[in-house]
Amino acid sequence: MTLRTKLFWVGVLYFAEGFPFGFLVDTFPVYFRLHGVSLAQIGLLNVVGLAWTFKWVWAPAVDLWGQYRTWITWCQALLALGLLAVPVMDPNHIGIHLWMLLLLLAVLSATQDIAIDAYTIKLLDKDELGPGNGVRVTAYRIALIVSGGLFVALGGFMGWTWTFLAAAAVMALSALLCSRSPRTISANNAADHRPASLHDAVVVPLRQFLSRPGFTGVALFVLTYKLGDMALGPMIKPFWVDRAFTPVEIGMVPGTAGVVSTIVGALLGGMLTKRWGIFRSLWMLGLFQAGSNLIYAAAAAGPPSTLLMYAASVVESFCGGLGTAPFLAFLMSLCSKTHAATQYALLSALFGLTRVVSGSFSGFATQQLGYAVYFSLTCVLALPAFALLPWVKRWTDDAPDKSRS
């Protein structure tokens with residue numbers, strides 16, 4: 001399979017992965033804030049992100065049973081049905097039924113993530129991770145433009161009922177396209193064999209990680225590298241709402257222009273990762289990622305400024321894309337192809353836990369501290385990861401061959 005063909009399927013799959021996630025983390029906060037839901041309740045919505053934190057629990061089932069394509073297709077079809085149910089419920093109060101629906105959407109989204117990530121790890125060789133992750137982040141962020149940007153604007157133009165109907169149609173079409181993805185990626189590569197037993201699917205991949213020296217330091221790095229970004233993210237869209245921007249403006253600036261900036265940053269980050277290597281890219285691009293949060297702090301500290309808000313969206317998004325590309329390449333470089341679903345799910349669950357914890361407290365902290373102080377604090381939260389880079393360097397210097405079983 002040519003690199004161009006691989007990158008095509010990476011793009012298709014990660015658009016499908018990013019679309020429902022964008023609704024959960026970008027569109028719903030705007031939707032609920034416009035209907036009068038408090039910042040504290042919006043922050044608590046991040047609790048549904050526990051689905052990503054605990055997805056490693058059922059990831060072995062994805063490795064062990066069925067085709068990845070089948071998991072992906074059915075999850076997307078069910079996501080389409082779930083999105084159809086959202087406008088039926090009262091958006092002015094997040095009751096138990098709406099909580100359960102949002103949790104179901106998160107579980108389905110996390111499950112398709114498991115299968116898509118495993119598929120991609122099998123698909124890409126180690127020297128293809130740089131450009132592969134550039135395309136991956138690009139496609140993912142394009143999906144966020146559509147779901148968290150254009151669809152927010154659509155809610156302002158056509159109303160939210162039609163918006164959720166259109167979103168369901170996108171997921172249904174995505175399921176149809178993904179059902180046609182190649183069943184076998186590398187039929188002649190023995191490393192593509194699936195686990196032979198439940199023990200092989202659960203115990204072996206965990207033992208491979210735990211037996212390597214420095215796992216605790218690497219795990220803490222995975223927990224903290226995106227902490228600043230993830231603490232900032234849940235409050236960005238409510239901040240725009242509270243600065244009196246309309247849904248159309250929110251959809252077109254942070255939801256579209258900001259995401260385009262992330263794409264440009266991710267593509268540049270992917271190229272720099274290929275040129276510099278993973279370790280050097282992590283610390284150099286990570287500094288830009290951490291410092292960019294101060295732009296939003298400056299926007300919140302002074303009088304309302306449309307120009308500064310636009311600049312904050314573009315700069316923070318661009319730098320976030322820079323830091324994401326080497327981080328994803330680092331995670332994927334650590335996973336064996338045979339246990340791709342379980343190992344990547346475990347690693348991504350660690351930084352998923354960061355999203356849940358920081359996001360859940362973000363609303364309460366912002367209400368107590370104000371936007372300016374809280375946004376400044378998120379920059380400080382990004383710094384501990386750099387103290388863990390010595391452990392990371394040993395793992396990047398001695399990353400396991402992805403082709404081993």
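Calculation criteria
- All chains use their own residue numbering, which begins from 1 and follows the written sequence.
- The predicted nature of this model means local features are confined to residues of pLDDT at least 70 and side-chain atom pairs, given and counted, to a pLDDT of 80 or more, with totals for whole chains, interfaces and linings taken over all residues.
- Calculation of side-chain values draws on the structure's entire complement of heavy atoms; hydrogens and water are dropped beforehand.
- By the criteria applied, helices consist of DSSP H or I runs no shorter than four residues and strands consist of E runs no shorter than two, each listed in order from the N terminus.
- As a reference, a globule follows 2.2 Å times the number of residues to the power 0.38, and the radius of gyration itself is taken over C-alpha atoms.
- Only protein chains enter the accessibility calculation, which uses a 1.4 Å probe; a residue whose area is less than 20% of its type maximum is buried, one above 50% is exposed, and one in between is partly exposed.
- Residues count as neighbours in contact if any of their non-hydrogen atoms are within 4.5 Å of one another.
- Under the convention used here, a 1.4 Å probe and the Shrake-Rupley method define accessible areas, while residue burial counts only the protein chains that appear.
- This arc is built from the directions going out from the helix axis to the C-beta atoms.
- A score from 0 to 100, pLDDT tells how confident the predictor is in each residue.
- Note on definitions: angles span 0 to 180 degrees between N-to-C directions of axes, and those axes are lines fitted to C-alpha atoms, for helices only across the stretch in contact.
- We call two directions roughly parallel when the angle between them is under 35 degrees, roughly antiparallel when it is over 145, roughly perpendicular when it lies between 65 and 115, and oblique otherwise.
- Helix crossings get a hand from a simple test, with the near helix turned counterclockwise from the far one by less than a right angle marking a left-handed crossing and a clockwise turn marking a right-handed one.
- Three categories are distinguished: nonpolar for Ala, Val, Leu, Ile, Met, Phe, Trp, Tyr, Cys and Pro, charged for Asp, Glu, Lys and Arg, and polar for the others, with Gly belonging to the last.
- Stacked, edge-to-face and tilted are the three classes for Phe, Tyr and Trp ring pairs, Trp counted by its six-membered ring, which pair at centre distances within 6.5 Å; planes under 30 degrees apart are stacked, over 60 edge-to-face, the rest tilted.
- Only when the NZ of Lys or the CZ of Arg is both within 6 Å of the ring centre and within 35 degrees of the ring normal is a charge said to sit over the ring.
- Candidates for patches are residues over 30% relative accessible area with no salt bridge; among them, like charges are joined within 9 Å and nonpolar side chains (Val, Leu, Ile, Met, Phe, Trp, Tyr) within 5 Å.
- The salt bridge definition used is simple: a Lys or Arg side-chain nitrogen within 4 Å of an Asp or Glu carboxyl oxygen.

1. As for the overall build of the protein
What the protein contains, in helices and strands, is 18 helices and zero strands. Taken over C-alpha atoms, the radius of gyration comes to 20 Å for the protein, in line with the 22 Å a tight globule of 405 residues would show. Dimensions of the protein, computed from the C-alpha atoms along their principal axes, are close to 60 × 45 × 35 Å. Put simply, the protein has 405 residues, and 59% of those count as buried. Counted over contacts in the protein with a minimum sequence separation of 6, partners at least 24 positions apart contribute 88%. On the protein, roughly 15,500 Å² of surface is accessible, and the fraction owed to carbon and sulfur atoms is 70%.

2. Describing unusual backbone geometry
Unlike most non-glycine residues, Ala244 shows phi in positive territory, near 70 degrees. Overall, Ala244 belongs to the exposed group, its relative accessible area being 63%.

3. Details of helix α14 (residues 293–301)
Considered for burial, the residues of α14 that qualify are Asn293, Tyr296, Ala297, Ala299 and Ala300. End-on, the buried residues of α14 take up no more than an arc of 160 degrees, which puts them together on one face.

4. Here's the deal with the confidence of the model for the protein
When pLDDT is averaged along the protein, the result is 82, and 90% of the positions lie at 70 or above. Mean pLDDT in the protein bottoms out at helix α9 (residues 198–210), which sits at 74, and peaks at helix α17 (residues 371–381), which reaches 93. pLDDT under 50 marks residues 184–192. Its contacts with residues more than four places away, or in other chains, come to 13 contacts. Throughout residues 398–405 the model reports pLDDT below 50, and contacts reaching past four residues in sequence, or to other chains, amount to 22 contacts.

5. Structural notes on the environment of Ser360
Among the structural elements, Ser360 can be located in helix α16 (residues 340–369). Residue Ser360 is classed as buried on the basis of its relative accessible area of 10%. Taking the C-alpha atoms as reference, Ser360 lies 19 Å from Asp242; in sequence the two are 118 residues apart. Excluding its chain neighbours within four sequence positions, the residues that come into contact with Ser360 are Gly43, Leu44, Asn46, Val47 and Arg355.

6. What to know about the packing of helix α4 (residues 55–64) against helix α6 (residues 96–123)
Between α4 and α6, the shortest axis-to-axis distance is 10 Å and the interhelical angle comes to 50 degrees. One finds that α4 runs oblique with respect to α6. Crossing of α4 over α6 shows right-handed handedness. In contact with Lys55, Trp58, Ala59 and Val62 of α4, α6 contributes Val107, Ala110, Thr111, Asp113, Ile114, Ala115 and Asp117. Within the contact of α4 with α6, the residues separate by chemical class into seven nonpolar, one polar and three charged.

7. What about the packing of aromatic side chains?
Under the criterion given, the structure shown has 27 aromatic pairs. Measuring from centroid to centroid gives 5.6 Å for Phe19 and Phe151, while their planes differ by 85 degrees, and the two rings are edge-to-face. With a gap of 132 residues between them, Phe19 in helix α1 (residues 3–34) and Phe151 in helix α7 (residues 129–158) connect regions that are remote in the sequence. Both residues of the pair, Phe19 and Phe151, count as buried. The interplanar angle of 50 degrees and the centroid separation of 4.7 Å between the aromatic rings of Phe239 and Tyr371 together place this pair among those described as tilted. With Phe239 in helix α11 (residues 227–242) and Tyr371 in helix α17, this residue pair connects regions lying 132 residues apart in the sequence. By relative accessible area, Phe239 is classed as buried at 1%. Here a set of aromatic residues connected by ring pairs shows up, and it is made of Phe15, Phe19, Phe23, Phe28, Tyr31, Phe32, Phe151, Trp160 and Phe164. Sitting over the face of the ring of Trp276, Arg280 holds its NZ or CZ atom 4.7 Å from the ring centroid.

8. Examining a nonpolar patch on the surface
Taken together, the side chains of Leu44, Val47, Leu50, Phe54, Trp56, Val57, Leu353, Val357, Phe361 and Phe364 make up a nonpolar region of the molecular surface, amounting to roughly 830 Å² of accessible area. Put simply, the parts of the chain that give the nonpolar patch at least two residues each are α4 and α16. With four residues, the single largest contributor to the nonpolar patch is α16. Position of Val47 relative to the elements: it lies in the loop between α2 (39–44) and α3 (50–53).

9. Quick word on the pattern of salt bridges
By the definition in use, this model includes three salt bridges. Across the pair Arg33 and Asp242 runs a salt bridge, and its minimum N-O distance is 3.1 Å. Here Arg33 is found in helix α1, whereas its partner Asp242 is found in helix α11, with 209 residues between them in sequence. By relative accessible area, which is 36% here, Asp242 ends up partly exposed.

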